[in-house]
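So you can see what is in the structure, the chains are spelled out below.
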Amino acid sequence: EAGVVQSPRYKIIEKKQPVAFWCNPISGHNTLYWYLQNLGQGPELLIRYENEEAVDDSQLPKDRFSAERLKGVDSTLKIQPAELGDSAVYLCASSPSTGGAEQYFGPGTRLTVT
Amino acid sequence: AQSVTQLDSQVPVFEEAPVELRCNYSSSVSVYLFWYVQYPNQGLQLLLKYLSGSTLVKGINGFEAEFNKSQTSFHLRKPSVHISDTAEYFCAVSSSGQLTFGGGTRVLVKP
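So, a few notes on the structure that sits alongside this text. Given the structure is predicted, the values throughout are model-derived calculations rather than measurements.

**Quick word on the layout of surface pockets**
Okay, so step 1: Of the voids in this model, the largest pocket is the one considered here, and its volume is about 480 Å³.
Okay, so step 2: Every residue lining the largest pocket is counted, 29 residues in all, and those nearest its centre are A:Leu39, A:Val89, A:Arg110, B:Gln38 and B:Asn41.
Okay, so step 3: Taken together, the elements giving at least two residues each to the lining of the largest pocket come down to strand E9 (88-95) and strand E11 (109-113) of chain A together with strand E10 (87-95) and strand E12 (105-110) of chain B.
Okay, so step 4: The greatest single-element share of the lining of the largest pocket, amounting to 4 residues, is contributed by E11(A).
Okay, so step 5: Per-class residue counts for the lining of the largest pocket are 12 nonpolar, 13 polar and 4 charged.

**Some remarks on the state of the cysteines**
Okay, so step 1: Within the structure shown, the criterion is met by 2 disulfides over all chains.
Okay, so step 2: The disulfide partner of A:Cys23 is A:Cys92, and the S-S distance across this bridge is 1.9 Å. Taking the sign of the S-S torsion, -70 degrees for the link of A:Cys23 and A:Cys92, the bridge is left-handed. Of the two residues, A:Cys23 sits in strand E3 (residues 19-24) while A:Cys92 sits in strand E9, which places them 69 residues apart along the sequence.
Okay, so step 3: Covalently, B:Cys23 is tied to B:Cys91 through a disulfide, its sulfur atoms 2.0 Å apart. Across the S-S bond of B:Cys23 and B:Cys91 the torsion is about -65 degrees, and the bridge reads as left-handed. Linking B:Cys23 in strand E4 (residues 23-27) with B:Cys91 in strand E10, this pair joins segments that are 68 residues apart in sequence. For the pair shown, B:Cys23 and B:Cys91 are each scored as buried.

**Some remarks on the nonpolar core**
Okay, so step 1: Counting 28 residues, the largest nonpolar core has B:Trp35, B:Leu48, B:Leu76 and B:Tyr89 as its most contacted members.
Okay, so step 2: The leading source of residues in this core is E10(B), at 4 residues.

**Observations regarding unusual backbone geometry**
Only a minority of non-glycine residues have a phi that is not negative, and only a minority of peptide bonds are not trans.
Okay, so step 1: Residue A:Pro8 follows A:Ser7 across a cis peptide bond; omega there is -5 degrees.
Okay, so step 2: With respect to the element layout, A:Pro8 can be found in the loop between strand E1 (5-7) and strand E2 (10-13).
Okay, so step 3: Phi at A:Lys16 is positive, roughly 80 degrees, even though this residue is not glycine.
Okay, so step 4: Tracing the sequence through the fold places A:Lys16 in the loop between E2 and E3.
Okay, so step 5: With a phi close to 45 degrees, B:Thr72 is a non-glycine residue in the positive phi region.
Okay, so step 6: Among the structural elements, B:Thr72 can be located in the loop between strand E8 (64-68) and strand E9 (73-78).

Rules behind the numbers
Residues numbered from 1 in each chain as written. Chains lettered and ligands numbered in written order. Predicted model: local features only at pLDDT ≥ 70, side-chain atom pairs only at ≥ 80, totals over all residues. Heavy atoms only, no water. 1 Å grid on protein atoms, 1.4 Å probe; cavity = no way out; pocket = protein on both sides within 12 Å on 5 of 7 lines; lining within 4 Å. Points joined across faces, edges and corners; volume = space filled by probe spheres on them. Helix = DSSP H or I, 4+ residues; strand = E, 2+ residues; numbered from the N terminus. Nonpolar A, V, L, I, M, F, W, Y, C, P; charged D, E, K, R; others polar. Disulfide = S-S within 2.5 Å. Buried < 20%, exposed > 50% of the residue type's maximum accessible area, 1.4 Å probe, protein only. Core = buried A, V, L, I, M, F, W, Y, C linked by side-chain atoms within 4.5 Å.

Encoded structure:
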């Protein structure tokens, strides 16, 4: 079974430029998560999808961040414009359901904003 | 609201020695508890989880954890570590589908 796929793995951009990250969850997983992980810290939830609906986006900085999950499968997270403080690892995870089901994580995208 | 505290940011340990990583949580509702491991430049991998039942949970790679409700703790242990256990370990709690992580404990296994 293929795991969660993320691309790109690494991205370097200049500040004020846009950037997008892509995630393909495990087949059949209805729930998809985007996390932000700063260096030396635990992941922090940005947004959670149930199928194509964003059910928890309270931690997403909506002035510059946006996300979509068309057709309830793949998802894209976008930042426009990027700031220096956005440098971090962006992790995608999926789960067959909410509640006690474990989350399966992708390898992440390491973003460096210069 | 829920929160997780990992009391040690870094734990150096010699190969074949035991290790314990401490985790305390707070929550106003019942929670599920998890330990994840993150190797360099990789995503998080589940080590073990507590949903209900026996408070001693066994996971992969020889790890185990004990849920203590009265002390709101979920400490992770391994009786004998290997060099390959060098990684960052995250404790997490989940309720209503939201996973909250601790700050992580970096384990450095020395030969």
